[in-house]
Amino acid sequence: MKRSVRWLPAVLAPALIVAGAITIPAVANAATTLPDKTPQQVLAMIAGAKDAAYSGTVEQSSDLGLPQLPSTGSGSRAGSDSTSQLLDLLTADHSARIFVDGAQKQRVQVLDQLAERDVIRNGSQLWTYDSKTKTATHSTRSPSDATPAPSAAPSTEALSPAQLADRFIQAIEPSTTLHVTSTARVAGRAVYQLALAPRSGTTLVAGVTLSVDGKTGVPLKVVVDARGQKSDAFSVGFRSIDFSTPAAELFRFAPPAGTTVTTPTKPAKPGPVPNDPDKGAVKPSVTGSGWDSIVELPADTATKVTGSSQSKLLGELTTAVPGGRALQTSLISVLLMTDGRVLLGAVPIATLEAAAR
C-alpha cells in the first residue's frame, strides 16, 4: 500500500480495523525553559530516544461519538474477540503501566477491573497474557529486530505514546504541515508539541499533536483531534513518568498456574503468505491521497464480518444506508456494502458512498 495512506493504521488501530478526552494532570501553559526547535529537530530528538529507559502510568480515552454499549466496558469485555476488544477501547477509559528499557525490553500492562493484560518483550522472547481468560502466547523473534512487540489486544499498542507517535511520524508527507510549540507540560515535564495538520479541508481529522519530552525526546502524549469537535477525539499520555531504568524482573514472565499457553507455529521455510499478490489474491485498493485516502477491502470482507459472531455488536453501531450499512465516528467512517465490499477512511460517509459507486 502506498506511502500516502501509511497514517491510516495509526488512526484505525485505536479506532477500528474493520485505532481522548482524558486531560493528564499537568501545569498547562506553564513557563518553560526549552530552547526553540524546528520540527525536524524535534523529529531527530524522537529518533534519538529509541534506547531510552523509563516507566510510568498512562491514561487513555476516546470521544468518537459512539455509545457506551452494554456488552463492552473496562473490565467487562464480552469475550475475547477482536471486535469486542476494539469496542471496549472505543467506549471505555483505560489505564496502563508501561516499562521500557531500550528497544529490546518493553512491557505494557493494561489494567482492567480485577484483571490485566500484558505484552512483554525481553530480547528475543515475546509473551502476551490475559488474566481474564487465563491465556498466554509465547513466541520468539530476532534480537536485532527493534520493532515494538505485537499487541495482545488492540488497546495495548494504542496505550503506548511512543509506538503511536512512530506510526504518525512514518506517515509524514507533503499533505501534512508541521509546527512546534514549547509552552506545555505533560506529567510535570516540559515538552515540545509537534503539531501535524492535514492540508485537506475535507478529512475528518483536524490534526495530531505529539508531546515530546524536552530533555529525553520520548513521546509522552498523543492527541488526535476531530474537525468541528472541541474535545479530543483520542488521547493517550503519561500521567506520571520515571526515567530511571526499570527492574530487570519486570521483563521476565512465567505463566501463572492454570494458564493455557499457545505457541504460534512458523513455516518450515519462507514461502508466500496467504494474501501474496503473486498467488492471485485481491489486495485492498486505495483511492484519493493523504488524509483523504479511502481504502477498499476485497469483495467478501463485509460478508465475513457481518456473518461472524461479532455481527450483533456491529449491528448496534451501524445504520442502514442505500446499498449497505455505515458507521461514522468523529475520526473514521466505515461502509459495509451488500455486495461484500468494505470502504473506510477518515472522510464523511457521503465520500465513501461516492467512491463505492
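Residues numbered from 1 in each chain as written. Predicted model: local features only at pLDDT ≥ 70, side-chain atom pairs only at ≥ 80, totals over all residues. Heavy atoms only, no water.

- In the annotation of an unreviewed UniProt entry, the protein is listed under the name Outer membrane lipoprotein carrier protein LolA and assigned to Lysinimonas soli.

Observations concerning the pattern of salt bridges
So, step 1. Counted under the stated rule, the structure contains six salt bridges.
So, step 2. Across the salt bridge formed by D118 and R107, the nearest N and O atoms sit 3.0 Å from each other. A residue pair is termed long-range when its members are at least 10 positions apart, and D118 in strand β4 (residues 115–122) and R107 in strand β3 (residues 105–112) qualify at 11 residues.
So, step 3. Owing to a relative accessible area of 0%, D118 belongs among the buried residues under this scheme.
So, step 4. Each of E296, D339 and R341 takes part in salt bridges that share partners, so that together they form one network. (Salt bridge = Lys/Arg side-chain N within 4 Å of Asp/Glu carboxyl O. Helix = DSSP H or I, 4+ residues; strand = E, 2+ residues; numbered from the N terminus. Buried < 20%, exposed > 50% of the residue type's maximum accessible area, 1.4 Å probe, protein only.)

Points about the confidence of the model for the protein
So, step 1. Put simply, the protein has an average pLDDT of 79, and 70% of its residues get 70 or more.
So, step 2. In this model residues 11–30 is a low-confidence stretch, pLDDT under 50, and it forms 64 contacts with partners more than four residues away in sequence or in other chains. (pLDDT = per-residue confidence, 0-100. Contact = heavy atoms within 4.5 Å.)

Description of the pairing of β3
So, step 1. Most of β3 sits out of view: six of its eight residues are buried.
So, step 2. Hairpin connection between strand β2 (residues 94–101) and β3: a loop of three residues separates the two successive antiparallel strands, and G102 in this loop has a positive phi of roughly 75°.
So, step 3. In this sheet, β4 lies alongside β3 in antiparallel orientation, the contact comprising eight bridges. Across the sheet, the residue bridging to D112 is A115, located in β4.
So, step 4. Linking two consecutive strands that pair antiparallel, namely β3 and β4, is a turn of two residues; a positive phi of about 60° is found at L114 within it. (Pairing = 2+ DSSP bridges.)

Observations concerning the sheet that holds β4
So, step 1. Read across the sheet, 12 strands follow the order β7-β8-β9-β10-β11-β1-β2-β3-β4-β5-β6-β12 without closing on themselves; strand pairing throughout is mixed. Both outer strands of the open sheet, β7 (176–186) and β12 (260–262), are each paired with one neighbouring strand and no more. Going from strand to strand, the sheet's axes swing by 15° on average, the running direction of each strand aside.
So, step 2. In the sheet, β2 pairs with β3 via six bridges, with the strands oriented antiparallel. In the strand pairing of β3, F99 is matched with R107. (Axes fitted to C-alpha atoms, helices over the stretch in contact; angles between N-to-C directions.)

Let's talk about the environment of S55
So, step 1. Assignment of secondary structure puts S55 in strand β1 (residues 53–62).
So, step 2. With relative accessibility at 11%, the residue S55 sits in the buried group.
So, step 3. Expressed as a C-alpha distance, the spacing of S55 and S244, which sit 189 residues apart in the sequence, is 7.6 Å.
So, step 4. Not counting residues up to four positions away in its chain, the partners in contact with S55 are R97, I98, F99, S240, I241, D242 and P246.

Comments concerning the sheet that holds strand β14 (residues 294–297)
So, step 1. As summarised here, the arrangement of the six strands in space is β13-β14-β18-β17-β16-β15, forming an open sheet in which the pairing is antiparallel. Two strands close off the open sheet at either side, each with one partner strand: β13 (285–287) and β15 (319–321). Along the sheet, successive strands turn relative to each other by an average axial angle of 25°, direction set aside.
So, step 2. In the sheet, strand β16 (residues 324–328) pairs with strand β17 (residues 333–337) via five bridges, with the strands oriented antiparallel. Each bridged residue has a counterpart across the sheet, and for G324 the counterpart in β17 is M337.
So, step 3. Packing against the sheet, helix α8 (residues 349–356) makes contact with β14, β15, β16, β17 and β18 (342–345), and its axis sits at approximately 40° to β17.

Some thoughts on the packing of aromatic side chains
So, step 1. Inspection of every chain in the model, using the stated rule, returns four aromatic pairs.
So, step 2. When the ring of Y54 is compared with that of F243, the centres are 6.0 Å apart and the planes differ by 55°; the resulting orientation is tilted. Here the residue Y54 occupies a position in strand β1, and F243 occupies one in the loop between β11 (234–242) and β12, the gap between them amounting to 189 residues.
So, step 3. Classification of F243 as partly exposed rests on a relative accessible area of 24%.
So, step 4. An angle of 55° between the planes, with centres 5.1 Å apart, marks the rings of W127 and F253 as tilted. With W127 in strand β5 (residues 125–130) and F253 in the loop between β11 and β12, the pair connects residues that are 126 residues apart, well separated along the chain. Grouping residues by exposure puts W127 and F253 together as buried.
So, step 5. Here the aromatic residues Y54, F238 and F243 are joined through ring pairs into a cluster of three or more. (Phe/Tyr/Trp six-rings, centres within 6.5 Å; stacked < 30°, edge-to-face > 60°.)

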